[in-house]
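# Remarks on the overall topology
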Amino acid sequence: VNYTNERLQYHFDQTVFRNEEDLYAREGVRWNAHSATHTKFNNLPVIELIDGKKTGIFSILDAQSSVPQSDDNTFMLTVNQIHEGAGAGGAGAGMVVPPPKLYENYVKKNGHFVIHHYAGKVLYDARGFMDKNRDELNTDLLQLLDQSKMELIRSVIGPTVREHLSEKKFNKSKKSLSRLYCESLNVLIQKLRFTESHYIRCIKPNDEKRPNFWMGKLVLDQLTYSGVFEAIKIKKNGFPFRGLHREFIDRFKLMADAHNLQKIKQLIQAQNIAECVQMMKRDLLGADEAKHNFQVGQTMVFYQHAEHRVMEKKRELSFASHITAIQNYFRMYRERRLLLAMARIRPKLRDAIVSRNLSLLNAAIAESADIEFDMKLLRDAKTLKHLVQKEEQCEAHIKYVLRNDPRDVSQYVQDLSRAIAEADEIGYASET
């Protein structure tokens, strides 16, 4: 499993690097490919340690499996001699010895060794490696299965058993379990190379399956060992920020003044998109190209973090300036509209107040409903409206009392006194 993870991680690094390399070549962009190559091959020595020709652990295991009287101890002795340089012979001539830090003989336990994988150190127990690698069944057991009286066993297992017995009879070479696995993995990797790879990294937030619980160390280890940081390194060595020409123009053209904005429109109409981007780049970062890492490709623009920070800061300041200007114009428009509305309604309110006519007051107040400013004339009109309404009510009450037949003099006087008191309370004095 760990070897498979190493191969898949190597394929991931290669894919990311190759995609970056192909993109820059397609766009005609210069970049420092040498600084990114160390991430491309960072776990290749581990793969060579496990599956390298002659000196790889799997190769040693296969070689020892074919030697009579060999066992796990001779296998470990050979691995230690090659990968730690133990013994008089050490590594043979022409053998590629991986860096010592990738392999350790675990002296605390016999038959154990440590490999420094991409994801960290792993302790292996080599006891039983030889038997598992040979993957052989006892001949008597095979013959027993072949001669079974059960039709199902003979029909299903029989052909495989007879083929195995035939190989042993004619001394045909049989591939070991490790070699079969490596070949199967090579087929898988070869298929992956001809696919369009997309990677999804699933990060487990905690080991306790609890919601809303975050274990920072666990998440950091997963990001580290899954190669996310290595992919980021590869992109940082190139141009981590990129986008299409039109996207760049649409994002940063708001910082251009009226003259440059007109030039941008003319260049876009003339289909000179690349020249338009070059002009905007000079306005944003200056004319000295040696001072910044910004390149214009065939269809895309590429720049690094420092340039991104400068341009985004300028864009942010430009946004703030434009927003402030828009707010100023809107406030000016709103206040001018309010002043015009107030100037239009002021004569109507004044005439309604002078006339003390309830219908005119209602019409003027209704027409002033959209005015948010607290006008003194509007307040006076509303106060006068309530007063006129009360006056009309008092006058109607007095007329009602006077029209009635005063048969009960005391009740008549009481009603009339109450009506007059209401009129005095609001200061109403009718001419009639």
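Quick look at the structure, then. Everything quoted here is computed from the prediction, not taken from an experiment.

Procedures and definitions
Residues numbered from 1 in each chain as written. Predicted model: local features only at pLDDT ≥ 70, side-chain atom pairs only at ≥ 80, totals over all residues. Heavy atoms only, no water. Buried < 20%, exposed > 50% of the residue type's maximum accessible area, 1.4 Å probe, protein only. Helix = DSSP H or I, 4+ residues; strand = E, 2+ residues; numbered from the N terminus. Pairing = 2+ DSSP bridges. Polar contact = N/O pair within 3.5 Å; in protein donor to acceptor, adjacent residues only side chain to side chain. Contact = heavy atoms within 4.5 Å. Expected span 1.5 Å × (residues − 1). Arc of directions from axis to C-beta.

## A few points about the pairing of strand E6 (residues 300–303)
- Burial of the side chains of E6 extends over both faces: Met 300 and Phe 302 are buried on one face and Val 301 and Tyr 303 on the other.
- In this structure, strand E4 (residues 241–244) lies alongside E6, joined through four bridges in antiparallel fashion. In the strand pairing of E6, Gly 243 is matched with Val 301.
- As consecutive antiparallel partners, strand E5 (residues 294–296) and E6 are separated by three residues.

## Notes on the side chain of His 117
- Here His 117 lies in strand E2 (residues 112–117).
- Under the relative-accessibility criterion, His 117 is labelled buried at 9%.
- At 3.0 Å, the side chain of His 117 and the side chain of Glu 6 are in polar contact.
- There is a polar contact of 2.5 Å between the side chain of His 117 and the side chain of Tyr 124.
- When residues no more than four places from it in sequence are discounted, the contact partners of His 117 are Asn 2, Glu 6, Val 46, Ile 50, Val 122 and Tyr 124.

## Comments concerning helix H10 (residues 177–193)
- Taking 1.5 Å per residue as the helical rise, H10 with its 17 residues ought to reach 24 Å, and the 25 Å between its terminal C-alpha atoms agrees with that figure.
- Turning to H10, its buried residues are Ser 178, Cys 182, Leu 185 and Ile 189. Down the axis of H10, the buried set is contained in an arc of 65°. They therefore lie on one face.
- Next to the buried residues of H10 lie helix H1 (2–27), helix H3 (44–51), helix H4 (57–65) and helix H6 (129–134).

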